Amino acid sequence: MTTAPTAHALVEAAESLFAAGVMSHSGHANLSARLDGDRFLLTPGFVRGLRPEQLATVGLDGRLLDGELRSVSTEIIAMHSAVYRARPGVGTIIHTHSPAATAFAVAHRPLPCRTEPMLRFGQPEEVPVVPWGPRGSDVSVRGIASVLADRPTTSAVLLANHGLLVFGPDPAATAHLLVAIEESAEAELAAVALGGAVDFPAGALAAVRSSIARAAS
Ligand SMILES: [Zn+2]
């Protein structure tokens, strides 16, 4: 099976995050895309200027199968494979230090769903916080698995004192949701100056779903 279309889509998703302005100053991120039940593509330890042929192929058991990984990426294999194991429908995982979402992560505050893009594009519920553990450590990975078990419909988690982890069906949709979450975090913080963000009215998600269904029919 050729991995080229998946690799291209993943690199395009990485570029879209820079274009959208959701990256932190360091440009730190790691992205992965599932190839099949046992393997995924993973960024090699950098994303700026990344080419598709530089992606590594990694097994869900943590083994490097093809390509090269910097040591920073070796640490995060377990973080990605834990999500793929917990969520068979997930095809892409993106981790960033997007500044506004990371503010919620360092404050240990779940990010509420109070913007239309977040409601509409895959996270119609708050983004929960996973307790801190060193990146890729058993504590951190067990924490992610535990939160995913408690919150079976969440498509994102905040990693306490660290950053954001978003997962979805494919690279484009996952990058799109990550941008929506970062925008929501920015809006939440900006709204503090105006007395604070306000919840949607009851039934907002159902209203959006019927609006989407009408537009598609
Ligand atoms: Zn990180």
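Our subject in this report is the structure included herewith. (Residues numbered from 1 in each chain as written. Predicted model: local features only at pLDDT ≥ 70, side-chain atom pairs only at ≥ 80, totals over all residues. Heavy atoms only, no water.)

### Looking at the pattern of salt bridges
Part 1 of the reasoning: Evaluation of the coordinates by the stated rule reveals nine salt bridges.
Part 2 of the reasoning: Between Asp36 and Arg39 there is a salt bridge; the shortest N-O distance is 2.9 Å.
Part 3 of the reasoning: For Arg39, a relative accessible area of 25% translates into the label partly exposed.
Part 4 of the reasoning: We note a salt bridge from Arg135 to Glu75, for which the minimum N-O separation is 2.8 Å. One end of the pair, Arg135, is in the loop between β6 (129-130) and α5 (138-150); the other, Glu75, is in helix α2 (residues 71-86), with 60 residues separating them in the sequence.
Part 5 of the reasoning: Look at Arg135 and you get partly exposed, because its relative accessible area is 26%.
Part 6 of the reasoning: The exposure class of Glu75 is partly exposed, given its relative accessible area of 40%.
Part 7 of the reasoning: Sharing partners across several salt bridges, the network here consists of Arg114, Glu188 and Asp199. (Salt bridge = Lys/Arg side-chain N within 4 Å of Asp/Glu carboxyl O. Buried < 20%, exposed > 50% of the residue type's maximum accessible area, 1.4 Å probe, protein only. Helix = DSSP H or I, 4+ residues; strand = E, 2+ residues; numbered from the N terminus.)

### Some words on the coordination of the zinc ion
Part 1 of the reasoning: Around the zinc ion, the protein supplies His95 (NE2), His97 (NE2) and His162 (NE2) as donor atoms, at distances of 2.0 to 2.1 Å.
Part 2 of the reasoning: On the primary sequence, the residues serving as donors to the zinc ion are separated as H-x1-H-x64-H.
Part 3 of the reasoning: Look at His95 and you get buried, because its relative accessible area is 0%. (Donors = N, O, S within 2.8 Å, 3.2 Å for Na, K, Ca; no water.)

### Focus on the pairing of strand β7 (residues 156-159)
Part 1 of the reasoning: Side-chain alternation along β7 places Ala156 and Leu158 on one buried face and Val157 and Leu159 on a second face that is also buried.
Part 2 of the reasoning: Bridge count between β6 and β7: two bridges; the pairing is parallel. Paired with Val129 across the two strands is Leu158, which belongs to β7.
Part 3 of the reasoning: Where the polypeptide runs from β6 across α5 and back to β7, its parallel neighbour, the crossover connection is right-handed.
Part 4 of the reasoning: As paired strands, β7 and strand β8 (residues 163-168) are joined by four bridges and run antiparallel to one another. Each residue of the ladder has a partner; that of Val157, found in β8, is Leu165.
Part 5 of the reasoning: Where β7 hands over to β8, the hairpin turn is made up of three residues, of which Asn161 adopts a positive phi near 55 degrees. (Pairing = 2+ DSSP bridges. Right-handed = clockwise from strand over helix to strand, strands pointing away.)

### Observations concerning the sheet that holds strand β3 (residues 56-59)
Part 1 of the reasoning: Strand order in the open sheet made by the eight strands is β4-β3-β2-β1-β5-β8-β7-β6, with mixed pairing throughout. Of all strands in the sheet, those bounded by a partner on one side alone are β4 (64-66) and β6.
Part 2 of the reasoning: Note: strand β1 (residues 29-34) against strand β5 (residues 92-96), five bridges, orientation antiparallel. By the bridge assignment, Ser32 is partnered in β5 with Ile93.
Part 3 of the reasoning: Sheet strands in contact with helix α3 (residues 99-106) are β7 and β8, and its direction is about 65 degrees off that of β7. (Contact = heavy atoms within 4.5 Å. Axes fitted to C-alpha atoms, helices over the stretch in contact; angles between N-to-C directions.)

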